[in-house]
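Fold and geometry: a report
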Amino acid sequence: QVQLVESGGGLVQAGGSLRLSCVASGSSFSRNAMAWYRQAPGKERELVAGITGGNSPNYADSVKGRFTISRDNGKNTVYLQMNSLKPEDTAVYYCTAAAWVVGPPRYWGQGTQVTVSS
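The text that follows walks through the structure, step by step, so that each part is easy to find. (Residues numbered from 1 in each chain as written. Predicted model: local features only at pLDDT ≥ 70, side-chain atom pairs only at ≥ 80, totals over all residues. Heavy atoms only, no water.)

**A look at the overall build of the protein chain**
Looking only at helices and strands, one finds zero helices and 11 strands in the protein chain. Listed by position from the N terminus, the elements making up the protein chain come as β-β-β-β-β-β-β-β-β-β-β. Relative to the 2.2 N^0.38 estimate, which gives 13 Å for 118 residues, the radius of gyration of the protein chain is 13 Å and therefore close to what a compact globule would have. Going through the 118 residues of the protein chain one by one, you find that 43% of them count as buried. Within the protein chain, contacts between residues separated by at least 24 positions form 55% of all contacts whose residues are at least 6 apart in sequence. Working note: accessible area of the protein chain is about 6,100 Å², and carbon and sulfur atoms make up 48% of it. (Helix = DSSP H or I, 4+ residues; strand = E, 2+ residues; numbered from the N terminus. Rg over C-alpha atoms; globule rule 2.2 N^0.38 Å. Buried < 20%, exposed > 50% of the residue type's maximum accessible area, 1.4 Å probe, protein only. Contact = heavy atoms within 4.5 Å. Areas by Shrake-Rupley, 256 points an atom, 1.4 Å probe, with all protein chains shown as cover.)

Put into structure tokens, the structure is as follows:
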């Protein structure tokens, strides 16, 4: 059974940093696209950052230059380093895994709350 488990969320002041981790189990995702989505209260879920099986990253315009997605295939883990956090980054952040090198999410984690205070 595939599981994605996020950690690293919390409360931080504006301008601060957090690093989210997502550990995958039940399968190897070393060749799968992985991504982070977020959903703020009253808003639709949105893609924050993704990384293909070939390690090509992409970012939402709102986080470019502040967030960095990376992966450690040996640990079956994907990370999201978040710097210069803003109150508008407050949301539940979800880790996802696609079924292949590229493509939409097939698996979702349970989410981790990130709250940025002003």
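**Describing the pattern of salt bridges**
Per the stated rule, a full pass over the model turns up four salt bridges. Two residues, R38 and D89, come together in a salt bridge whose shortest N-O distance is 2.9 Å. Residue R38 is located in strand β4 (residues 34-39), and its partner D89 is located in the loop between β8 (77-82) and β9 (91-98); the two are separated by 51 residues in the primary sequence. Like R38, the residue D89 is buried in the burial classification. Given a relative accessible area of 0%, D89 falls into the buried group. Salt bridges sharing partners connect three or more residues here, namely R38, E46, R66 and D89. (Salt bridge = Lys/Arg side-chain N within 4 Å of Asp/Glu carboxyl O.)

**Some remarks on the packing of aromatic side chains**
Tallying each qualifying case throughout the model produces three aromatic pairs. Their ring planes at 50° and their centres at 5.0 Å tell us that Y37 and W108 sit as a pair that is tilted. Here W108 lies in strand β10 (residues 105-108) and Y37 lies in strand β4, a separation of 71 residues in the sequence. Residue classification places Y37 among the buried residues on the basis of a relative accessible area of 16%. With a centroid separation of 6.2 Å and an interplanar angle of 75°, the aromatic rings of Y94 and W108 are classed as edge-to-face. Of the two residues, Y94 is situated in strand β9 and W108 in strand β10; the sequence distance between them amounts to 14 residues. Note on Y94: relative accessible area 14%, which makes it buried. Just above the ring of Y94 sits the side chain of R45; from NZ or CZ to the centre is 4.3 Å. Over the ring of W108 we find R45; its NZ or CZ atom is 4.6 Å from the centre of that ring. (Phe/Tyr/Trp six-rings, centres within 6.5 Å; stacked < 30°, edge-to-face > 60°. Lys NZ or Arg CZ within 6 Å of the ring centre and 35° of its normal.)

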